[in-house]
Amino acid sequence: MMDAETNHDYRLEDQIGFKLRLANQKHLELFARMMPEVTPTQFAILSRLRDSGPISQNHLGRLVGLDAATTKGVVDRLKVKNLVTSAKSPTDMRRLVISLTDEGRRFADRAVVTAAEISRATAANLTPRELDRLLALLDKL
């Protein structure tokens with residue numbers, strides 16, 4: 001740990017983590033207001049399933065950046081909401097294959113439209129060029 005003398009020019013407001021947290025808070029507030037039925041993590045699972053079709057639970061978790069235990073918890077909560085279903089893989093009985101239910105498909109189709117509105121609202125103060133640059137820079141982190 002550095003002493004206070006060497007960090008005299010440190011300003012919390014100038015730190016990437018602080019700015020990312022503030023931006024994420026704004027996004028999460030918009031998300032909660034505009035899509036209160038699910039959490040952002042639940043939406044990520046639904047969106048991936050919408051795009052990929054039935055997929056193993058482990059692979060699904062990797063695609064949305066979740067560990068196995070968290071993925072299981074999210075999937076379990078979505079099952080309670082009747083948005084997803086799980087079944088044993090026909091080729092590997094150790095794997096669970098996760099699918100959207102008919103209700104889940106309808107919800108996901110509507111939700112991606114709302115999610116795009118949330119993204120637009122989050123980035124409302126950016127020009128299209130600034131937004132493209134921000135997304136490209138975040139990909140580098």
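Please read these numbers as outputs of a predicted model, since none were measured by experiment. (Residues numbered from 1 in each chain as written. Predicted model: local features only at pLDDT ≥ 70, side-chain atom pairs only at ≥ 80, totals over all residues. Heavy atoms only, no water.)

The next thing to look at is the sheet that holds strand β3 (residues 96-100). Paired through their backbone hydrogen bonds, the strands of a sheet run either parallel or antiparallel. Sheet architecture is open: 3 strands sit in the order β1-β3-β2, paired in antiparallel fashion. Bordering the open sheet on either side are β1 (55-56) and β2 (84-88), each of which pairs with just one other strand. Pairing of β1 with β3 involves 2 bridges; the strand directions are antiparallel. Each residue of the ladder has a partner; that of Ser 56, found in β3, is Val 97. Sheet contacts for helix α4 (residues 68-80): β2 and β3; angle to β2, the most-contacted strand, approximately 115°. (Pairing = 2+ DSSP bridges. Helix = DSSP H or I, 4+ residues; strand = E, 2+ residues; numbered from the N terminus. Contact = heavy atoms within 4.5 Å. Axes fitted to C-alpha atoms, helices over the stretch in contact; angles between N-to-C directions.)

What follows is about the nonpolar core. With 22 residues, the main nonpolar core has Met 35, Val 38, Leu 46, Leu 49, Leu 78 and Val 84 as its most contacted residues. For this core, the secondary structure elements donating two or more residues are α1 (16-34), α2 (40-52), α4, β3 and α5 (102-122). The element that contributes the greatest number of residues to this core is α5, accounting for 5 residues. For Met 35, the contacting residues outside a window of four places in its chain are Phe 43, Phe 107, Ala 111, Thr 114, Ala 115 and Ile 118. (Core = buried A, V, L, I, M, F, W, Y, C linked by side-chain atoms within 4.5 Å. Buried < 20%, exposed > 50% of the residue type's maximum accessible area, 1.4 Å probe, protein only.)

At a minimum axis separation of 9 Å, α1 and α5 run at an interaxial angle of 145°. Here α1 and α5 pass one another in a crossing that is right-handed. Each of Lys 26, His 27, Leu 30, Phe 31 and Met 34 in α1 lies in contact with α5, whose residues at this interface are Thr 114, Glu 117, Ile 118, Ala 121 and Thr 122. Residue composition of the contact of α1 with α5, grouped by class: 5 nonpolar, 3 polar and 2 charged. (Left-handed = near helix turned anticlockwise from the far one by under 90°. Nonpolar A, V, L, I, M, F, W, Y, C, P; charged D, E, K, R; others polar.)

This next bit is on the pattern of salt bridges. Tallied over the entire structure, the rule returns 5 salt bridges. In this structure, Asp 76 and Lys 72 form a salt bridge, with 2.7 Å as the shortest nitrogen-oxygen distance. Here Lys 72 and Asp 76 lie together in helix α4, a separation of 4 residues that amounts to about one turn. For Asp 76, a relative accessible area of 29% translates into the label partly exposed. The exposure class of Lys 72 is partly exposed, given its relative accessible area of 43%. Across the pair Arg 105 and Asp 109 runs a salt bridge whose closest N-O atoms are separated by 4.0 Å. (Salt bridge = Lys/Arg side-chain N within 4 Å of Asp/Glu carboxyl O.)

UniProt's feature table lists "domain: HTH marR-type" (unreviewed entry) at residues 13-141, given in the numbering used throughout. Counting secondary structure, residues 13-141 comes out at 67% helix and 9% strand; the distance between its end C-alpha atoms is 19 Å. (UniProt positions renumbered as here; feature names shortened; annotations may be inferred.)

The calculated volume of the largest pocket comes to roughly 680 Å³. As for the largest pocket, its lining consists of 21 residues, of which Ala 23, Thr 122, Leu 134, Leu 135 and Leu 138 are closest to the centre. Within the residue set of the lining of the largest pocket, elements represented by two or more residues are α1, α5 and α6 (128-140). The greatest single-element share of the lining of the largest pocket, amounting to 8 residues, is contributed by α1. For the lining of the largest pocket, the class distribution of residues is 14 nonpolar, 5 polar and 2 charged. By volume, the second largest pocket is sized at about 180 Å³. Together, His 27, Phe 31, Pro 40, Phe 43, Ala 44 and Ala 115 line the second largest pocket. Contributions of two or more residues to the lining of the second largest pocket are made by α1 and α2. Split by residue class, the lining of the second largest pocket holds 5 nonpolar, 1 polar and no charged. (1 Å grid on protein atoms, 1.4 Å probe; cavity = no way out; pocket = protein on both sides within 12 Å on 5 of 7 lines; lining within 4 Å. Points joined across faces, edges and corners; volume = space filled by probe spheres on them.)

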